[in-house]
Amino acid sequence: MLRSLSIAIFVLLLPAQACADTPAPPPVITLRILDHTLTAEIAHTPAAREKGLMHRSALEQNRGMLFIFPTVDIYGMWMLNTAIPLSVAFLDEQGIILNIANMAPFSTVPHYSAKPAKYALEMNLGWFAEKGITVGHQAHGLDQAPVAE
């Protein structure tokens, strides 16, 4: 009797342990630029900003990553261990696009914000150009973003 009870307890604990080992999905935010809606994973912690979109093979259409920086400053982005060709838009505190840069996969060449930025939004290469989004356009929905750590 005791043996079957311990097996039952083990079986009941196993799913809880399996769930604990599964990483939680990253937080996301919905943003709008012009008439275009996108969903961006949020990178607002040092670890999330460091990892970015590394080690991924694809990015869904109208999906990207929003980097939230703790202070307004000049920031640089590069593509170490990132296989997806990306475009990055640097934004100020109000979500105004300061500049957009195209980045080649696996490149360690940094692309910098033209002015002090609060955010960087990475999307598939050419996404901004395809949508007619340029410098001076504003991303709406940033008021729902968490504070950077």
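These lines cover the structure that appears in this document, whether it is placed above or below. (Residues numbered from 1 in each chain as written. Predicted model: local features only at pLDDT ≥ 70, side-chain atom pairs only at ≥ 80, totals over all residues. Heavy atoms only, no water.)

Quick notes on the overall build of the protein chain
- Broken down by element type, the protein chain carries three helices and nine strands.
- The buried share among the 149 residues of the protein chain stands at 38%.
- Here the contacts in the protein chain between residues at least 6 apart in sequence split such that 70% fall between residues at least 24 apart.
- Accessible surface for the protein chain amounts to roughly 8700 Å². Of this, 60% is attributable to carbon and sulfur atoms. (Helix = DSSP H or I, 4+ residues; strand = E, 2+ residues; numbered from the N terminus. Buried < 20%, exposed > 50% of the residue type's maximum accessible area, 1.4 Å probe, protein only. Contact = heavy atoms within 4.5 Å. Areas by Shrake-Rupley, 256 points an atom, 1.4 Å probe, with all protein chains shown as cover.)

Some points on the side chain of Asp92
- Looking at the secondary structure, you find Asp92 in the loop between β5 (86-91) and β6 (97-103).
- Although Asp92 lies buried, it forms no salt bridge, and the closest oppositely charged side chain, Lys115, sits 7.7 Å away as judged by the N-O distance.
- A distance of 2.9 Å separates a polar side-chain atom of Asp92 from the backbone nitrogen of Ile96.
- Sequence-distant contacts of Asp92, that is, excluding residues within four places in its chain, are made with Leu98, Pro116, Ala117, Lys118 and Tyr119. (Lys, Arg positive; Asp, Glu negative; His and termini not counted. Salt bridge = Lys/Arg side-chain N within 4 Å of Asp/Glu carboxyl O. Polar contact = N/O pair within 3.5 Å; in protein donor to acceptor, adjacent residues only side chain to side chain.)

Overview of the environment of Ala120
- You can see Ala120 is positioned in strand β8 (residues 117-124).
- The spatial distance from the C-alpha of Ala120 to the C-alpha of Phe67 is 5.0 Å, given a sequence separation of 53 residues.
- With residues near it in sequence (within four places) discarded, Ala120 still touches Met65, Leu66, Phe67, Phe69, Met77, Val88, Ala89, Phe90 and Leu91.

Structural notes on the sheet that holds strand β3 (residues 63-73)
- Spatially, the seven strands line up as an open sheet ordered β6-β5-β8-β3-β2-β1-β9, and their pairing is mixed. If you trace the sheet from one side to the other, it starts and ends with β6 and β9 (139-140), each paired once.
- Bridge count between strand β2 (residues 36-43) and β3: five bridges; the pairing is parallel. Among the inter-strand pairings, Thr39 is bridged to a residue of β3, identified as Arg63. (Pairing = 2+ DSSP bridges.)

Some remarks on the side chain of Asn124
- Structurally, Asn124 can be placed in strand β8.
- Within polar-contact distance, the side chain of Asn124 engages the backbone oxygen of Leu59 at 3.0 Å.
- Residues in contact with Asn124, not counting those within four places in the same chain, are Leu59, Glu60, Gln61, Ile84, Pro85, Leu86 and Ser87.

Without other data, these values stay purely geometric and don't point to any function.
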